[in-house]
Number of protein chains: 2
Amino acid sequence: MGLWMPLVAGVVAMIFVLYLVIWIKKKSPGSDRMKSISMAIQEGAKAFLFREYKTVFLVVLVIAVPISFTSLGWHTGVSFAFGALVSALAGYLGMRIATQSNARTTHAAQTGLNKALGVAISGGAVMGLSVVGLALLGLVAVIFAFARSGITPDNAMVINGYAMGASLMALFARSGGGIFTKGADMGADLVGKVEAGIPEDDPRNPAVIADNVGDNVGDVAGLGSDLLESYVESIIASMAIAATFATLVTPNAALISSKLIFLPIYVASAGVIASILGVAFIRILGRFNPQSALLGGTYISAGLTALASYLIVNSLGIEFASYSKLGPFWAILSGLISGIIVGLTSEYFTSSKYGPVRALAHSAQSGPAISVTNGMAVGMRSTALPVLMLAAAVLVAHQMAGMYGVAMAAVGMLATTGMVVAVDSYGPIADNAGGIAEMAGLPPEVRKITDHLDSVGNTTAAIGKGFAIGSAALAAIGLLSAYMKISHVEAAKLSLTEPKVVAGLLIGGMLPYLFSSMLFKAVAKSAFQLIEEVRRQFREIPGLMEGTAMPDSATCVDISTKGALRGMMLPGLLAVLVPVAVGFTMGPVVLSGVLVGAIVSGVMLGIQTANSGGAMDNAKKWIEEGNLGGKGSDTHKAAVVGDTVGDPLKDTVGPSINILIKLMSVISLVLAPLFMR
Amino acid sequence: MGLWMPLVAGVVAMIFVLYLVIWIKKKSPGSDRMKSISMAIQEGAKAFLFREYKTVFLVVLVIAVPISFTSLGWHTGVSFAFGALVSALAGYLGMRIATQSNARTTHAAQTGLNKALGVAISGGAVMGLSVVGLALLGLVAVIFAFARSGITPDNAMVINGYAMGASLMALFARSGGGIFTKGADMGADLVGKVEAGIPEDDPRNPAVIADNVGDNVGDVAGLGSDLLESYVESIIASMAIAATFATLVTPNAALISSKLIFLPIYVASAGVIASILGVAFIRILGRFNPQSALLGGTYISAGLTALASYLIVNSLGIEFASYSKLGPFWAILSGLISGIIVGLTSEYFTSSKYGPVRALAHSAQSGPAISVTNGMAVGMRSTALPVLMLAAAVLVAHQMAGMYGVAMAAVGMLATTGMVVAVDSYGPIADNAGGIAEMAGLPPEVRKITDHLDSVGNTTAAIGKGFAIGSAALAAIGLLSAYMKISHVEAAKLSLTEPKVVAGLLIGGMLPYLFSSMLFKAVAKSAFQLIEEVRRQFREIPGLMEGTAMPDSATCVDISTKGALRGMMLPGLLAVLVPVAVGFTMGPVVLSGVLVGAIVSGVMLGIQTANSGGAMDNAKKWIEEGNLGGKGSDTHKAAVVGDTVGDPLKDTVGPSINILIKLMSVISLVLAPLFMR
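Residues numbered from 1 in each chain as written. Chains lettered and ligands numbered in written order. Predicted model: local features only at pLDDT ≥ 70, side-chain atom pairs only at ≥ 80, totals over all residues.

A. Seen up close, the overall build of chain A. Assigned secondary structure in chain A consists of 17 helices and 0 strands. A principal-axis box enclosing the C-alpha atoms of chain A has dimensions of 80 × 50 × 45 Å. Residue burial in chain A is summarised as follows: out of 677 residues, 70% are buried. At a minimum sequence separation of 6, the contacts of chain A that also span at least 24 residues come to 85%. (Helix = DSSP H or I, 4+ residues; strand = E, 2+ residues; numbered from the N terminus. Buried ≥ 20, exposed ≤ 12 C-beta atoms within 10 Å, placed from the backbone. Contact = placed C-beta atoms within 7 Å.)

B. Seen up close, the interface of chain B and chain A. Each partner contributes residues to the interface: chain B has 64 residues there, and chain A has 64 residues. At the level of secondary structure, the elements contributing two or more residues to the side of chain B that touches chain A comprise α5 (156–196), α11 (368–381), α12 (384–414), α14 (444–486), α15 (499–540), α16 (553–624) and α17 (634–676) of chain B. Class assignment of the residues belonging to the side of chain B that touches chain A gives a composition of 44 nonpolar, 17 polar and 3 charged. (Nonpolar A, V, L, I, M, F, W, Y, C, P; charged D, E, K, R; others polar.)

C. A look at α16 of chain B. Residues and elements named next belong to chain B. Taking 1.5 Å per residue, 72 residues should reach 106 Å; α16 reaches only 27 Å between its end C-alpha atoms and comes up short. Bending of α16 peaks at approximately 135° at the position of Gly587, with proline Pro588 no more than four residues after it. Most of α16 is tucked away: 54 of the 72 residues are buried. Where α16 ends, the next residue or the one after it, Gly626, has phi of about 110°, a positive value. (Expected span 1.5 Å × (residues − 1). Bend = angle between axes of the 7 residues up to and from the residue.)

D. Layout of the relation of the copies chain B and chain A. By a simple turn and slide, chain B fits onto chain A: the slide is 0.0 Å along the axis, the RMSD is 0.0 Å, and the turn is 180°. Within this description, the copies of the chain are treated as partners about a two-fold rotation axis. A share of 100% of interface residues in chain B that are also interface residues in chain A marks the association as one of identical surfaces. (Least-squares fit on C-alpha atoms with pLDDT ≥ 70 in both.)

E. Structural detail: the packing of α15 of chain B against α16 of chain B. All names here are of chain B. One way to put it is that α15 packs onto α16 with a least axis distance of 8 Å and a crossing angle of 175°. Compared by their axis directions, α15 and α16 come out roughly antiparallel. Split into classes, the residues belonging to the contact of α15 with α16 amount to 32 nonpolar, 15 polar and 3 charged. (Axes fitted to C-alpha atoms, helices over the stretch in contact; angles between N-to-C directions. Parallel < 35°, antiparallel > 145°, perpendicular 65-115°, else oblique.)

F. Region of interest: the environment of Phe538 of chain A. All names here are of chain A. Inspection of the secondary structure assignment puts Phe538 in helix α15 (residues 499–540). The partly exposed category is assigned to Phe538, around which 19 C-beta atoms lie within 10 Å. Spatially, the C-alpha atoms of Phe538 and Arg204 are 9.0 Å apart, while their sequence positions differ by 334 residues. Setting aside residues up to four positions removed in sequence, Phe538 forms contacts with Ala196, Leu544 and Met545.

G. Broad picture of the confidence of the model for chain A. Residue and element names in this part refer to chain A. Summary statistics for chain A give a mean pLDDT of 91 and a share of 99% for residues scoring 70 or more. Across chain A, element-level confidence peaks in helix α1 (residues 4–26) with a mean pLDDT of 96 and bottoms out in helix α14 (residues 444–486) with 85. Complex prediction metrics read pTM 0.94 and ipTM 0.94. (pLDDT = per-residue confidence, 0-100.)

H. Broad picture of the packing of helix α4 (residues 113–146) of chain B against α5 of chain B. All names here are of chain B. Interhelical geometry of α4 versus α5 gives an angle of 150° and a closest axis separation of 10 Å. The angle between the axes of α4 and α5 places the two elements in the roughly antiparallel class. At the point where α4 passes α5, the crossing takes the right-handed sense. Between α4 and α5, the residues in contact are Gly138, Leu139, Val142, Ile143 and Phe146 and Val158, Ile159 and Tyr162, respectively. (Left-handed = near helix turned anticlockwise from the far one by under 90°.)

I. Main features of unusual backbone geometry. All names here are of chain A. In this structure, Ala321 takes a positive phi of about 45° despite not being glycine. Along the polypeptide, Ala321 turns up in the loop between α8 (290–316) and α9 (327–350). Judged by local crowding, Ala321 falls into the exposed class, with 12 C-beta atoms found within 10 Å. Positive phi outside glycine occurs at His488, with the angle close to 55°.

See below:
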């Protein structure tokens, strides 16, 4: 059995996580004031997560039970619930440590940049390695429990169920977390900064703790569950396709099939080890130059993964169909490279080091409307290269190893997930650390160090978001390939000349828009309720504005939590019910169109929203650094409007679309046997 | 030959146009001040149009000459150039009369609402009926010149060339006009209203004339050429598909084919007569209730067209393949009905009479950012129903009459184009009339009447925009069906299981975004240059602010013209070159994917931008009517930001996307024989 390798990789990852946790816990969380702020964030995040999980597991139950009574069987139901559980566990663990790392980062910043970076990246690495470690271990467990004697087309849906569970969890984590974080952020800013005229992260603002909680539940737990899902799905899509090869009447079909089934797990295992080495590199070399260290670590992980993939593919020596022995390697490489380019494109369009953001900042001189318009335009322009890269990856991978190759390209892109999530989760920790420094009234030089950490984190976060949508697209295409392979619809019926396909494409293309509008509405509603509450507190709590009384932060966290839980239901239902309804009523042909249409329109909208938001955020920050009049100027005010529009785009809508397209695809894959009847 | 019917319909339409022109010319254009303002607008519009046409015909030449030397032949080259000419002619005629109707509408408004409505709708009807009249006559001429003995798959490209010419013209008219109008509008507003604090349409603002010119070149000439294109394309797509039936080895194949070829022209001819009757109805009954008259006229045209289509289809008695005798009628009807529903959905989401705009206005109370965010969300939500309607029309039409039915559904939707354009062009005339009233210093009760006309026009404009994108989608799908039919690619190769198709879909889906970003950039640049000029004039012309000196309006018009001509080149090149480049280098399979991808993502973006912009515009106007604090309140300021963001969305980006998807499809259709080799 080939389960040893992922088992070892998963266990090593979790041991490294344990080491990091112990290391972090040993660090001092600073003064009592800092501890109490950090504790409030921890409590808020924990409370939100528990309530979110409760809701999600109710939904899981509602889905798992009927599934168990269909021909998919109780195995599928159990592995579905298990997938959700693993994702929840990774999210909880990662966020728990992230929220404990924030004050410790602030404290470390008092003694210098390097130490602070070390704490923040270690906190992020816990999330990153938990995601890949637990995902692999969970997969091993499912295979061991239900498919010990081999994965075949007949039991593939059990494995697929695991991915579907992870996907459902991700949907709620991303959209719930996204609504929470942006509702709280907008609420805090609009009353605090705009109406009351107090600085960001001012301790007098009752919504500041909620805002900080939001960073964690959205950008740490949400991103983690998003990439955990893509990670698992790319693997299971490759497996599902490989499993169909066993039935071919070629010599050694069964052997080849089984080798191809395990290849994605091997590559993923190698990626885990490469990610651990990358994190170690950053922790050691980060003291010299944080930005270079973070990028260097990412490249090292990618390079090592590529090397290991070559060795693995070469040693397996699989020749299937007309593809060369190294075919799968080239497929993996095409995914890996296009992932990097997609990430770098995001950096180019969202970092204030480059032209687009600078030009955007300048355009804010003509007022808020032009600023928003240009922000949209930057995001739109940024779709071109990533999409060409995705298209190229699909074509190259297919040329090299067929449909299987397309799924393996996704595996290649996602092999370094551990590293990507680590670097990405570092951002909110640095952000929180800055907030704590402000709230605890630490000297400005500490805030300067945390700001520096934060600005590095902004760039990595943009890369992470670009990577997340790119990988989601490729993972979804992988799932789709598996779905079409399994649903046994003749290729000709899925032709663009078929009106059912065209109708499906149109309907599918509309879904990301409808879904996004629901999320927008939920954010606005949640922000509105928070604004009312903050206004009330400023009005009714005597001495609050003077700084002699404490705000009631807990009520704000509670309002954001309720807003997020309420707001995530409708879009969640849409994502779950549409594939089921279309599949059962209109059949697999229309459904294929719907899935592809949702990918086509969702990828564009996802990239555009993520990069528009990122660019507007950093244009504002660049102005705040003292350019074009700096803070308080009219240009800055215009840029702030742009940033506020961009925030829900990049942190709620964009990331949630990733899940929408993946979840619909994985549901279709799991239920495919039922649609055929 | 079946050319008598369109000939008669076209000639009747042009006679009615002549009658309307004479009738309008007889009306008084008012005082000298009004005349001089109207003259400035006329001059500006004419100057822009001539320079635009010069540029476009250079491009036409660059394309027509090489085409003539390919296997497509010089017939195709000539009919291509002729198509562009016909569109230019219609645009010129319509706009000339529209700009002469504005002051006459203002003058009539001094004696009452009914008279003003009569002039404005007559002006609009000149555009509407010129579009359909000239389009039909041009088509008759092309068929008579080059396909007198019958349209076959071997000479269909000549007819298709005519549509391609109309499409190229439309591209530049829409994008050039769109850049002009929004650059001028934003430039005028941002300096005039925001910086100098003078009212809209104030005669001291040097950019006001440019703004009024923009309304005409964008909303009259641009819209007219857009719908002329859709109109012609829906007809020729049906013809091209019908022509392929002649080669089938069934009894009477040639006869059936020739009847099916002429059916779209018959239906279109009936639609022209129905539109004339609809316009007459409005002119007679408009005195009682303008809003109801406009809607009533639209319904009457649609009803008459449906009735006539039934009679025509029934009398032709065509039975082809397995479809029933009335099959084509049901296809036509499905298009007609879905067009109406698409229009009504636009009205619901963009009129201040209904919930969405009211809610949007309320959300402006939370500031500009929330206002913009919710405006986006409204547009996104509004995509759902129109897309479902389009999908339903495609499915029903295909069920009833196959691929031919899908193209005929587009014909059905577009049969009432004359009426739609008439009602839509009425809007800018009423808008201009208001501007002239303001600039000429007429008493407020006149302005009140023109404002009422304008507000009615806003609703009809929103319906027109929704209709334009819906019909563009259906026309493009019709063209696409014809293209796939002609390019003889096996259906299985166009399957969603083919990575080439998926790659094409992704690339195609990205194009509307890239295209839109270019337009945004052009608008911002043009607005910026105008802002600089207006600021300069306020600074350097002594007595301008005091009203003792006249502004230099001509320079502003010139700046907007140059900005539009420069700005339209890059997006134009993209639209023309992509299908050519993809077709020749990657072949017809990838190209099919690109076309479908562009339609799927373009339709969503088109509907969203049009309705977001419309909703934000009317939310602002509703506040200006005195709600939520009225003009000058913070809520109003927030809504103004939303409106300014929405303006280029609805008037530049959205409408241009219509053309992008159609132009790429028609180019592919014309060049299909070359891609196959």
